[in-house]
2 protein chains.
Amino acid sequence: MVVFAGQGDARRSMSLLWRSDRPEQQDRRPGPGPRPGLSVDAIVTAAVAVADEDGMAALSMRAVGERLGRTAMALYTYVPSKSELLDLMYDAVHAELPMEYDDTGDWRAGLTDWARDTLEFQLRHPWVLQVSQARPVLGPHEYAGLDTLVHLLRTTGLEARLLRRLVGTLSHFVRGCAGTVAEARQAAAATGESDEEWWFARSALLGEVAPDFAERYPDLMAMETGSAPQPPAPAPAPGEEAVPYPEREARETFDVGLGVLLDGIEAAIGRTATP
Amino acid sequence: MVVFAGQGDARRSMSLLWRSDRPEQQDRRPGPGPRPGLSVDAIVTAAVAVADEDGMAALSMRAVGERLGRTAMALYTYVPSKSELLDLMYDAVHAELPMEYDDTGDWRAGLTDWARDTLEFQLRHPWVLQVSQARPVLGPHEYAGLDTLVHLLRTTGLEARLLRRLVGTLSHFVRGCAGTVAEARQAAAATGESDEEWWFARSALLGEVAPDFAERYPDLMAMETGSAPQPPAPAPAPGEEAVPYPEREARETFDVGLGVLLDGIEAAIGRTATP
DNA sequence: GAAGTTACTTTACGACGTAAGGAGTCGCAA
DNA sequence: TTGCGACTCCTTACGTCGTAAAGTAACTTC
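Residues numbered from 1 in each chain as written. Chains lettered and ligands numbered in written order. Predicted model: local features only at pLDDT ≥ 70, side-chain atom pairs only at ≥ 80, totals over all residues. Heavy atoms only, no water.

Chain A appears in an unreviewed UniProt entry as Transcriptional regulator, TetR family from Streptomyces atratus.

The following block contains the structure:
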């Protein structure tokens, strides 16, 4: 479920995002009519809470309204549509992204920290992974996050054109890792079946239904036997906090993949340094 | 919208995927009752056509049924639920993935071709990007595609454990690039507003609403001015086939990012070759 | 007090997946 | 030949969703 962002009145949407109509509201000129019981901020906060707790699929106008003791329609006084609300939520949580990193020379450490923070952020708010990237929300906090990454990348001294592509490359990678973990957690929560149980049951069925598996996929088998006996899950060490199997898998992919990516960037730096 | 796959009867689901109940069907023992007017394959084909043409959001049981001249409920005779149908669709289209690549030494060329083919495949069927990766479908064609990639990676001589992570890293990267393009196309189709138009309008609004943009995001500005004056779209050369702006952007990210990734892999190979 | 504006509610519409039950069609045993 | 049971496919219905339209009540301003 990729959710697309506001397509309504673009000007109103941008005003809300950048809070450029706030001055008037803060004057507290009450004007005629009953006192507003809600506010855009309260609605965004409630909506983020719903999405964090119950996932994007559970994010309905009715659910957000209920959390605020109102009906769904009450929200439309403050927010033009669900799409715009989603934009606001997206930008609001991006305020959590750290902005200060070591930029005194060790670009590798800086980017590693950035990637880790971004991963954790996306796992805290897994629903952000389901907001379309193609037409960005263009809010102040999203831009701030982008600026942070660009700042780190600029310390490598690489040319601007290449930098642009590295932003995308790193983002895709982190998003992919986060998505895998987030989806695994969501599947476990939705089905009540842990990943270990799921894999165990599916492996057995696979053996029944595809007895020629080893011959059909020789390279896959060679890799599996050469690395770790994993699809039948490794026993979780007793007493140890058990990180579920595919989550551990994804985190290792994150560590290794990030290293490979940074090695590639290092190669690029070496190439421009000695032309 | 991330869509989760079948959670129903796992055995039936796997049987359908691997067609291990097909022999009986192919015997054409008619049995009692009216002749089946449909088949699992026909339904899957129709569903893929709907999803390809109108996107995942338009993939409803009613729409698939209509395309086959039936009601939505008629499909439930052949397929247990929409989730299982999605599994079947997912695996079915993966049969399109090429399986033969140059594995005679030039692993770089092989992986580049693989990545390009995978990207094109995912752009042909953008809805596959919206199927959850955490609990894979485990169908024969998905496994075949995985086997192909592993085969290519094994020619690098890297150890199995590292290989596993590279599979994920490369997949995340390609999926990310494909997702950006797919979402851009979908947004353009849904709104009727081209990406150029969209960027142009949004840039103007951004100037209104955030006049201090340049001071707030200095690194972003430095990168933009240092690379290409792009958000205000570059004029499409007349007569030339105009690849939309963010699609071109994404394809460049693909080329550059893939190069960086392969450089990283090359570094890993060099490290193990000279221990 | 009357008028006008605003916050919020109720009701309603057409989409969705799919459960339940019914109608019609066919092979096969009696 | 008849009727049973299995089978395909249909209609209807329920509870979800976003949100349009219209109504009610609270409040400021004249």
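(A) Inspection of the protein's contact with DNA strand C at higher detail. Not every one of the 28 residues close to DNA strand C is listed here, only the nearest: Pro 34, Arg 70, Thr 71 and Tyr 78 of chain A together with Tyr 76 of chain B. Expressed as a percentage, the sugar and phosphate content of the atoms of DNA strand C within 4 Å of the protein is 62%. Separating a base oxygen of DNA strand C from a backbone N or O atom of Pro 34 of chain B is a distance of 3.4 Å. One of the side-chain nitrogen or oxygen atoms of Lys 82 of chain B is found 2.9 Å away from a phosphate oxygen of DNA strand C. Tallied by class, the residues present in the surface near DNA strand C amount to 14 nonpolar, eight polar and six charged. (Near = heavy atom within 4 Å. Polar contact = N/O pair within 3.5 Å; in protein donor to acceptor, adjacent residues only side chain to side chain. Nonpolar A, V, L, I, M, F, W, Y, C, P; charged D, E, K, R; others polar.)

(B) Quick peek at a negative patch on the surface. Where like charges cluster on the molecular surface, the negative patch consists of Glu 100, Asp 102, Asp 103, Asp 106 and Asp 113 of chain A. In this fold, Asp 106 of chain A is placed in the loop between helix H5 (82–93) and helix H6 (107–124). (Patch = residues over 30% accessible without salt bridge, like charges linked within 9 Å, V, L, I, M, F, W, Y side chains within 5 Å. Areas by Shrake-Rupley, 256 points an atom, 1.4 Å probe, with all protein chains shown as cover. Salt bridge = Lys/Arg side-chain N within 4 Å of Asp/Glu carboxyl O. Lys, Arg positive; Asp, Glu negative; His and termini not counted. Charge placed at Lys NZ, Arg CZ, Asp CG, Glu CD. Helix = DSSP H or I, 4+ residues; strand = E, 2+ residues; numbered from the N terminus.)

(C) Main features of the side chain of Glu 247 of chain A. Residue position: Glu 247 of chain A is located in helix H12 (residues 245–273). Setting aside chain neighbours within four positions, we find Glu 247 of chain A in contact with Val 181 and Arg 185 of chain A. (Contact = heavy atoms within 4.5 Å.)

(D) Structural detail: the protein's contact with DNA strand D. Around DNA strand D, the structure places 26 residues, and the nearest of them are Arg 62 and Tyr 76 of chain A together with Pro 34, Arg 70 and Tyr 78 of chain B. One nitrogen or oxygen atom from the main chain of Met 61 of chain A is found 3.1 Å from a phosphate oxygen belonging to DNA strand D. Considering only residue class, the surface near DNA strand D consists of 13 nonpolar, eight polar and five charged.

(E) Spotlight on unusual backbone geometry. Residues and elements named next belong to chain A. You will see that Leu 138, though not glycine, has its phi angle at about 65 degrees, which is positive. By the element assignment, Leu 138 lies in the loop between H6 and helix H7 (140–154). Residue Leu 138 is classed as buried on the basis of its relative accessible area of 2%. (Buried < 20%, exposed > 50% of the residue type's maximum accessible area, 1.4 Å probe, protein only.)

(F) Summary view of the relation of the copies chain A and chain B. Of the transformation superimposing chain A on chain B, the axial component is 0.0 Å and the angular component is 180 degrees, with the fit at an RMSD of 0.1 Å. The transformation just described matches what one would write down for a two-fold rotation axis. (Least-squares fit on C-alpha atoms with pLDDT ≥ 70 in both.)

(G) Spotlight on the interface of chain A and chain B. Contact with chain A, which involves 87 residues of that partner, is made by 87 residues of chain B. Roughly 7900 Å² of surface becomes buried between chain A and chain B when both sides are summed, with 62% attributable to carbon and sulfur atoms. Summed over the three residues of chain A that lose the most area to chain B, namely Arg 135, Arg 164 and Arg 165 of chain A, the buried surface amounts to 11% of that side. Our count for the contact surface shared by chain A and chain B stands at 18 salt bridges. Inspection of the region where chain A meets chain B yields 33 residue pairs in polar contact (both at pLDDT 80 or more). Per element, the largest residue contribution to the side of chain A that touches chain B is 21 residues, and it comes from helix H8 (residues 160–191) of chain A. (Buried area = accessible area lost by both parts, 1.4 Å probe.)

(H) Just the nonpolar core, in detail. With 162 residues, the main nonpolar core has Trp 18, Met 89 and Ile 265 of chain A together with Trp 18, Met 89 and Ile 265 of chain B as its most contacted residues. When neighbours within four sequence positions are excluded, Ile 265 of chain B is seen to be in contact with Val 260 of chain A together with Trp 107, Leu 111, Leu 158, Leu 166 and Leu 170 of chain B. (Core = buried A, V, L, I, M, F, W, Y, C linked by side-chain atoms within 4.5 Å.)

(I) Region of interest: the UniProt feature "DNA-binding region" (unreviewed entry) in chain A. Following the UniProt record, one finds the feature "DNA-binding region" (unreviewed entry) at residues 60–79 of chain A. Taken end to end, residues 60–79 of chain A has its terminal C-alpha atoms 14 Å apart, with 35% of it in helix and 0% in strand. (UniProt positions renumbered as here; feature names shortened; annotations may be inferred.)

(J) Quick look at the environment of Tyr 78 of chain B. Tracing the sequence through the fold places Tyr 78 of chain B in the loop between helix H4 (61–67) and helix H5 (82–93). Taking the C-alpha atoms as reference points, Tyr 78 of chain B and Leu 16 of chain B, 62 residues apart in sequence, are found 9.8 Å from one another.

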